Amino acid sequence: MATQTAERPADTHTPEAVVVRFAGDSGDGMQLTGGQFTLSTALAGNDLATFPDFPAEIRAPQGTLFGVSAFQINFGSRQINTAGDAPDVLVAMNPAALKTNVEALKPGGLIIADTGEFTKRNLEKAKYESNPLEDGSLARWQVLAFDISALTIEAVKPFGLGNKDALRSKNMWTLGLALWMFDRDRQPLIDWLEAKFKNKPEIAGANVAALNAGHAYGETAELGGHLHQTHIPAVEHEPGLYRTVTGAEAVSLGLVAGAQLAELPMFFGGYPITPASAILHHLVRMKEFGVTTFQAEDEIAAICAAIGASYAGQLGVTSSSGPGIALKTEAMGLAIMVELPLVIVNSQRGGPSTGLPTKTEQSDLYQAVYGRNGDAPLPVIAASSPSDAFEVAIEAVRIATQYMTPVILLTDGYIANAAEPWKVPDPKSFEPFPAKFLEEKNAKDADGNDELLPYRRDAKGARPWIKPGTPGLMHRVGGIEKHVETGNIDYSPANHQKMTDLRRDKVLGVAVPDQEVALGDETGELAVVGWGSTYGPIRQAVRRWREKGRKVSHIHVRHIWPLPKNLGELLAGFDHVLVPEMNTGQFKTVLRDQYLVDAQSLTKTSGQPFQIAELEAAIGKYFDGIEGDEGGEVPANKAQLPEPQSGYDDGTLKGHHP
Amino acid sequence: MNDMTPIETTLKDWETDQEVRWCPGCGDYAILKAVQRTLPQLGSDPANTVFVSGIGCSSRFPYYVESYGFHTIHGRAPAFATGIKLANPDLDVWLVTGDGDGLSIGGNHLMHVLRRNVNLQIMLFNNEIYGLTKGQFSPTSRLGTKSPSTPLGSFDRPAQPCAFALGSGARFVARGFDVSKNLPDVLKAAHAHQGAAFIEIFQNCIVYNKDVFDDFAAPKGAEAHQLWLEDGQPMLFDGGTKGICLDREALELRVVDVVDGDWQAAGVIVHNVKNRSIAHMLVELPFGAFPMALGVLYDDPRPTFEAAVIEERARASEGKEANLAKLLGKGQTWTVSGTAADPV
Ligand code: SF4
């Protein structure tokens with residue numbers, strides 16, 4: 001069955017890190033396979049980063065190029081910051097998966113393909129004129145092709161499933177083989193399958209049988225050739241309790257932790273949107289923490305209900321993605337005007353408009369910082385990795401409640417879906433910041449009587465939070481410009497000037513920790529300044545150049561607005577500033593505006609995260625001695641993207657009528 | 001309404017020091033007075049009462065009531081009110097909206113707040129015009145309404161607020177008008193209803209749509225065209241000389257003459273506030289051929305949204321401890337000691 005039957009080499013391979021990409025039809029369960037492989041990798045003590053890459057269509061027609069779903073994992077015995085540039089191993093469950101992913105595979109990399117799916121029809125759907133497994137076109141790589149479909153059917157025979165159901169276990173067969181390849185324990189996965197299909201023992205049995213069969217296949221002696229067992233030793237991690245976490249999970253946990261630290265019940269208003277819905281799904285399962293979730297009729301109602309809850313004394317939170325955030329904009333203006341705490345999470349995706357719903361981008365930075373009518377400032381912070389999102393969410397809650405302001409938390413599709421190992425933090429290590437409510441009148445009038453001034457500010461510039469229901473503190477708030485202290489309607493020119501200044505100063509005065517250098521020295525030839533999910537590739541690229549002795553540093557900004565007070569000075573200590581972003585240069589523009597610094601852009605908007613090599617090349621231009629050879633744009637890597645043909649514009653699929 | 005100890009207040013206690021900014025003679029003044037007169041009768045506590053509004057002339061209302069007030073954004077008041085009620089169900093929340101605010105830009109939210117049955121009193125001031133933006137036709141303007149944006153007369157068919165509410169799933173639908181002495185009774189019935197109580201209040205915009213409701217809502221002389229509905233009472237109007245009967249063949253309502261007060265002989269039907277089918281007919285009665293149906297058209301409570309949310313939260317939290325450290329360390333974890341990892 002194996003296309004090659006060379007002698008199995010005696011030595012085992014022990015590379016520092018391996019990148020594996022599972023690719024198949026959206027119905028093949030590739031995300032689940034990847035997720036479970038991730039867990040086993042984490043349990044084996046490797047460091048890792050993942051990149052789930054799936055189509056916008058839920059069930060795209062089988063076998064088509066645009067229906068390919070992939071999951072990439074990079075794991076190793078050293079620190080891993082990215083999902084890896086090029087895979088070492090590609091598991092291709094059908095011709096379409098091979099076609100859309102093979103170009104990214106490292107030369108000499110291993111292709112594992114299911115010959116059972118390389119039928120004439122599937123080859124046609126993938127637009128192959130001849131079978132690539134046979135026509136020599138894959139000569140650059142090693143190919144291991146065998147009939148996984150038939151082997152799976154064989155393995156699950158005792159469970160009496162029809163072929164269609166039996167083939168559903170194909171992904172478990174593949175996973176079993178992968179577990180063997182990397183010397184992994186099957187037991188946690190078997191436990192998981194048995195728990196998941198507790199009420200369907202035949203399905204559990206079939207899946208376990210397929211898993212074992214895949215594993216046994218690896219073990220059989222006649223195989224070999226390209227397939228070796230590889231053992232990646234555990235990475236040296238700080239001692240402690242670990243788990244894997246995705247960005248969406250970490251944001252949810254951070255919001256709950258933040259609400260607890262603020263001693264507030266939390267109200268979450270959401271509306272289904274990719275890729276932000278995951279946060280709603282996580283939070284509905286945390287109701288014992290005083291969490292109320294509300295799936296609203298639209299994005300606007302979701303934020304308005306959250307503001308209503310904040311008004312009534314809870315921590316209001318809403319979350320969405322670019323198009324939904326656009327709809328929430330007017331309500332954000334109201335929250336700024338009535339000065340109530342609110343956290344708005346934007347899991348950015350490719351835009352504009354519907355754009356690339358399942359692909360990642362960082363192109364909502366302008367929207368977050370500038371995108372409202374009127375002078376409407378609010379703090380903006382960004383998470384740089386799935387685990388960082390936990391702390392960032394707590395920070396967002398702290399700023400919102402301490403400064404009585406809406407706060408935007410930026411993550412992106414990559415952070416939201418990607419998983420990484422996370423040292424479980426001790427909640428006690430976070431300083432509580434209990435929210436305070438005004439209980440009695442806070443001023444005296446001219447005659448010395450107690451008086452309520454709903455807009456009298458504290459030293460931080462924040463107005464008091466007054467819960468309806470509090471006796472004696474009845475007052476009115478709204479979106480019309482209000483008097484600087486009484487909050488009564490006041491359109492007078494001097495008052496509006498003053499209120500505009502106060503709102504601006506409050507946000508500019510938010511205490512932001514000084515910017516630190518993530519990697520490298522505080523001065524040098526080149527500062528590579530990133531924000532958000534570009535952290536991993538920037539860090540690795542900078543590390544590589546530093547190892548070659550170049551004076552390059554990585555600065556990663558969490559506080560997008562207001563910016564850290566020392567950032568301007570820090571940047572001035574470098575000859576050049578390069579800002580890699582998955583947009584057309586938005587943060588670069590902010591930095592130029594704020595510091596008059598000659599920041600250069602490196603941009604990428606292909607819907608895919610930066611590769612380390614791309615950044616390495618861009619950084620290299622600063623050290624090649626060629627004048628003016630810096631900054632620029634990373635061309636879209638077509639090999640990384642499924643064919644852009646899709647269904648109908650409204651999201652329904654051709655030939656698919658729900 | 002909430003199970004709160006009644007508080008003794010007077011009309012004066014519900015007035016703010018804010019200068020009222022409606023045009024002199026606007027119907028809003030009468031509605032404000034009716035509300036301020038009703039609140040003491042309900043035993044409402046100003047500290048526990050919240051008025052929430054959107055944008056428009058009517059939405060200035062909260063500024064003039066000495067309670068908590070939130071003047072929000074155009075059309076979205078139902079969403080804010082939902083958040084307020086979910087965060088604190090004990091608050092007594094009144095929502096003030098208009099025909100443009102509630103049925104045009106905010107039609108979606110109004111529909112959902114009604115179907116969810118959030119426990120609120122929703123007052124929709126219907127003046128069939130956009131007042132604050134200087135007189136454009138609104139979604140309730142009658143066909144042919146001449147306005148700055150329809151100089152030749154409007155040509156889109158008007159929405160019917162009460163039919164919209166009932167169609168959205170409202171369990172309480174009532175009607176009143178600004179200068180009506182019965183308005184406080186309608187408000188009281190709405191307040192007594194547990195759930196979303198929808199009240200359409202015809203309101204005279206004397207500047208841009210003067211006296212369009214005079215046929216049935218003039219301060220004097222229009223009584224003959226008012227059908228005041230009362231639960232358990234025959235549907236009589238025009239001093240008891242006329243009534244409403246059900247044509248059982250055609251399945252529609254008819255006006256009949258009542259001779260010598262013998263309404264039974266005339267086949268006049270008795271109003272049953274729980275009869276949803278009749279309610280559907282009442283909200284659709286074309287004015288002219290019929291009188292204007294006023295008062296409580298429909299009132300049949302169902303469990304409220306916030307009760308369901310609280311119940312669900314309790315169920316979801318049952319037997320679970322709010323232990324953050326445990327939550328963070330949930331799922332498949334492993335412990336690193338030195339370099340070895342042990343699954344736990
Ligand atoms: S414009 Fe009409 S509705 Fe508005 S305040 Fe004046 S009279 Fe009243």
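Residues numbered from 1 in each chain as written. Chains lettered and ligands numbered in written order. Predicted model: local features only at pLDDT ≥ 70, side-chain atom pairs only at ≥ 80, totals over all residues. Heavy atoms only, no water.

Asker: What's the story with the overall build of chain B in this structure? I'm lost.
Answerer: The helix and strand tally for chain B stands at eleven helices and 15 strands. Sorting the 344 residues of chain B into buried and exposed places 55% on the buried side. Across chain B, every contact between residues at least 6 apart in sequence was considered, and the portion connecting residues at least 24 apart equals 66%. Surface accessibility of chain B: about 14300 Å² in total, with carbon and sulfur atoms responsible for 53%. (Helix = DSSP H or I, 4+ residues; strand = E, 2+ residues; numbered from the N terminus. Buried < 20%, exposed > 50% of the residue type's maximum accessible area, 1.4 Å probe, protein only. Contact = heavy atoms within 4.5 Å. Areas by Shrake-Rupley, 256 points an atom, 1.4 Å probe, with all protein chains shown as cover.)

Asker: Explain helix 1 (residues 30-43) of chain A to me, please; I cannot follow it from the model alone.
Answerer: Within an α-helix, residues lying three or four positions from one another point in the same direction, as the helix has 3.6 residues per turn. Residues and elements named next belong to chain A. Taking 1.5 Å per residue, 14 residues should reach 20 Å; helix 1 reaches 20 Å between its end C-alpha atoms and fits that length. With respect to burial, helix 1 is a largely interior element, eleven of its 14 residues being buried. Turning to helix 1, its buried residues number three or more, namely Met30, Thr33, Gly34, Gln36, Phe37, Thr38, Leu39, Ser40, Thr41, Ala42 and Leu43. Within two residues after helix 1, Gly45 carries a phi angle of roughly 85°, on the positive side. (Expected span 1.5 Å × (residues − 1).)

Asker: Help me understand the domain arrangement of chain B in this model?
Answerer: You'll often see interface size given as the accessible area lost when the parts meet. Residues and elements named next belong to chain B. Splitting chain B by domain gives domain 1 (11-233 + 271-306) and domain 2 (234-270). The C-alpha centroid of domain 2 is placed 28 Å from the C-alpha centroid of domain 1. Domain 1 puts 15 residues into the contact, and the matching count from domain 2 is 14 residues. When the two sides are added together, the surface that domain 1 and domain 2 hide from each other amounts to roughly 1100 Å², 77% of it contributed by carbon and sulfur. It is Gln233, Met281 and Phe290 that lose the most area in domain 1 upon contact with domain 2, and together they represent 35% of the buried surface on that side. Counting every contact that joins domain 1 to domain 2 gives zero salt bridges. The tally of links from domain 1 across to domain 2 stands at one residue pair in polar contact (both at pLDDT 80 or more). Where the side of domain 1 that touches domain 2 is concerned, the elements lending two or more residues are strand 9 (226-229) and helix 9 (276-284). (Domains from an automatic or database assignment. Buried area = accessible area lost by both parts, 1.4 Å probe. Salt bridge = Lys/Arg side-chain N within 4 Å of Asp/Glu carboxyl O. Polar contact = N/O pair within 3.5 Å; in protein donor to acceptor, adjacent residues only side chain to side chain.)

Asker: Is there a simple way to think about the environment of Gly308 of chain A in this case?
Answerer: With respect to the helices, strands and loops of the structure, Gly308 of chain A is situated in helix 11 (residues 299-311). Assessed through its relative accessible area of 0%, Gly308 of chain A is described here as buried. When near neighbours in sequence (up to four residues on either side) are disregarded, Gly308 of chain A contacts Phe80, Gly83 and Ile84 of chain B.

Asker: Honestly, the interface of chain B and chain A in this entry has me stumped. Any pointers?
Answerer: Of the residues lining the interface, 61 residues belong to chain B; the matching set on chain A comes to 72 residues. Together, the buried faces of chain B and chain A total about 5500 Å²; carbon and sulfur atoms form 65% of this surface. On the chain B side of the contact with chain A, Tyr68, Leu328 and Trp334 of chain B bury the most area, a combined 16% of that side's loss. Along the contact surface separating chain B from chain A lie four salt bridges. A salt bridge links Glu312 of chain B to Lys287 of chain A, with the nearest nitrogen and oxygen atoms 2.5 Å apart. In this structure, the connection of chain B to chain A is made through 23 residue pairs in polar contact (both at pLDDT 80 or more). For the side of chain B that touches chain A, the secondary-structure elements that each account for two or more residues are strand 2 (68-71), helix 2 (77-87), helix 4 (107-116), helix 10 (305-317), helix 11 (324-328), strand 14 (333-337) and strand 15 (340-343) of chain B. The element that contributes the greatest number of residues to the side of chain B that touches chain A is helix 2 of chain B, accounting for seven residues. Looking at side-chain class alone, the side of chain B that touches chain A contains 28 nonpolar, 23 polar and ten charged residues. (Nonpolar A, V, L, I, M, F, W, Y, C, P; charged D, E, K, R; others polar.)

Asker: Sorry if this is basic, but what is going on with the packing of helix 7 (residues 187-196) of chain A against helix 8 (residues 201-219) of chain A here?
Answerer: Between two packed helices, both the angle of their axes relative to each other and the distance between the axes serve to describe the pair. Residue and element names in this part refer to chain A. One way to put it is that helix 7 packs onto helix 8 with a least axis distance of 9 Å and a crossing angle of 160°. Put simply, helix 7 runs roughly antiparallel to helix 8. Crossing of helix 7 against helix 8: the hand is right-handed. Note on element contacts: helix 8 touches helix 7 through Ala204, Asn207, Val208, Leu211 and Asn212, opposite Leu189, Ile190, Leu193 and Glu194. Residues that form the contact of helix 7 with helix 8 fall into these classes: six nonpolar, two polar and one charged. (Axes fitted to C-alpha atoms, helices over the stretch in contact; angles between N-to-C directions. Parallel < 35°, antiparallel > 145°, perpendicular 65-115°, else oblique. Left-handed = near helix turned anticlockwise from the far one by under 90°.)

Asker: Explain helix 7 of chain A here, please?
Answerer: Regarding helix 7 of chain A, the residues found buried are Pro188, Leu189, Ile190 and Leu193 of chain A. For helix 7 of chain A, the elements touching its buried residues are helix 1, helix 6 (170-181) and helix 8 of chain A.

Asker: Would you mind going over the nonpolar core with me for this structure?
Answerer: The nonpolar side chains of a soluble globular protein tend to be buried, and buried together. Residues Leu255, Val529, Ile555 and Phe587 of chain A together with Phe70 and Leu282 of chain B are the most contacted members of the largest nonpolar core, which totals 171 residues. Counting residues domain by domain, this core receives three or more from each of domain 1 (11-233 + 271-306) and domain 2 (234-270) of chain B. Sequence-distant contacts of Val529 of chain A, defined by excluding residues within four places in its chain, comprise Ile555, Val557, Leu571, Val577, Leu578, Val579, Pro580, Phe587 and Leu591 of chain A. Of all hydrophobic cores here, the second largest spans 46 residues; its members include Met93, Ile148, Phe182 and Val208 of chain A. (Core = buried A, V, L, I, M, F, W, Y, C linked by side-chain atoms within 4.5 Å.)

Asker: Would you take a moment to explain the sheet that holds strand 6 (residues 142-146) of chain A for this structure?
Answerer: Strand pairing within a sheet occurs via backbone hydrogen bonds; the two strands may be parallel or antiparallel. All names here are of chain A. Reading across the sheet, the six strands line up as 2-3-1-4-5-6 and stay open at both edges, with mixed pairing between neighbours. Taken across any chain shown, the strands that pair with only one partner, and hence form the sheet edges, are strand 2 (47-53) and strand 6. Put simply, the sheet's adjacent strands are angled 15° from each other on average, direction ignored. Both strand 1 (residues 17-25) and strand 3 (residues 68-76) contribute to a ladder of nine bridges, which runs antiparallel. Counted as the bridge partner of Ala23 is Ala70 from strand 3. Across the sheet, helix 6 lies against strand 1, strand 4 (89-92), strand 5 (110-114) and strand 6, angled at about 150° from strand 5, the strand it touches most. (Pairing = 2+ DSSP bridges.)

Asker: Explain the sheet that holds strand 12 (residues 252-257) of chain B here, please?
Answerer: With antiparallel pairing, three strands are arranged side by side in an open sheet as 10-11-12 (chain B). Either end of the sheet is taken by a strand with one partner, and the two such strands are strand 10 (236-237) and strand 12 of chain B.

Asker: Just to check I follow, could you spell out the site of the ligand for this structure?
Answerer: The immediate surroundings of the ligand are formed by Trp22, Cys23, Cys26, Cys57, Asn127, Gly131, Gln203, Cys205, Ile206, Val207 and Tyr208 of chain B. Class assignment of the residues belonging to the shell around the ligand gives a composition of eight nonpolar, three polar and no charged. (Near = heavy atom within 4 Å.)

Asker: How should the environment of Asp214 of chain B be read in this particular structure?
Answerer: All names here are of chain B. Turning to its location among the elements, Asp214 is positioned in helix 7 (residues 214-217). Residue Asp214 is classed as partly exposed on the basis of its relative accessible area, which comes to 32%. Counting along the chain gives 193 residues from Asp214 to Arg21, while the straight-line C-alpha distance between them is 24 Å.

Asker: Quick question: what am I supposed to make of the pairing of strand 4 of chain A here?
Answerer: Along a regular strand, successive side chains alternate from one face of the sheet to the other. Residues and elements named next belong to chain A. Of the two faces of strand 4, the one carrying Val89 and Val91 and the one carrying Leu90 and Ala92 are both buried. Relative to strand 5, strand 4 runs parallel, the two sharing four bridges. In the sheet register, Ala92 faces strand 5, and the bridge partner there is Ala113. Remark: the strand 4/helix 2 (residues 95-101)/strand 5 crossover connection has right-handed handedness. (Right-handed = clockwise from strand over helix to strand, strands pointing away.)

Asker: What am I meant to see in the pattern of salt bridges here?
Answerer: A pair can form between side chains of opposite charge whenever their charged atoms are brought close. Summed over all chains, the structure comprises 48 salt bridges over all chains. The salt bridge partner of Glu614 of chain A is Lys604 of chain A, with a shortest N-O separation of 2.9 Å. Note that Glu614 of chain A is positioned in helix 20 (residues 612-620) and Lys604 of chain A in the loop between strand 23 (599-603) and helix 20, a separation of ten residues in sequence. In this structure, Glu614 of chain A and Lys604 of chain A share a single accessibility class: buried. Between Arg171 of chain B and Asp300 of chain B there is a salt bridge, with the nearest N and O atoms lying 3.3 Å from each other. Within this pair, whereas Arg171 of chain B is found in the loop between helix 5 (161-167) and strand 7 (172-177), its partner Asp300 of chain B is found in the loop between strand 13 (292-299) and helix 10, the two being separated by 129 residues in sequence. A residue is classified by how much of its surface remains accessible, and Arg171 of chain B, at 13% relative accessible area, is buried. The buried category is assigned to Asp300 of chain B, whose relative accessible area is 13%. Salt bridges here are not isolated pairs; linked through shared partners, they connect Arg21, Asp53 and Lys359 of chain A.

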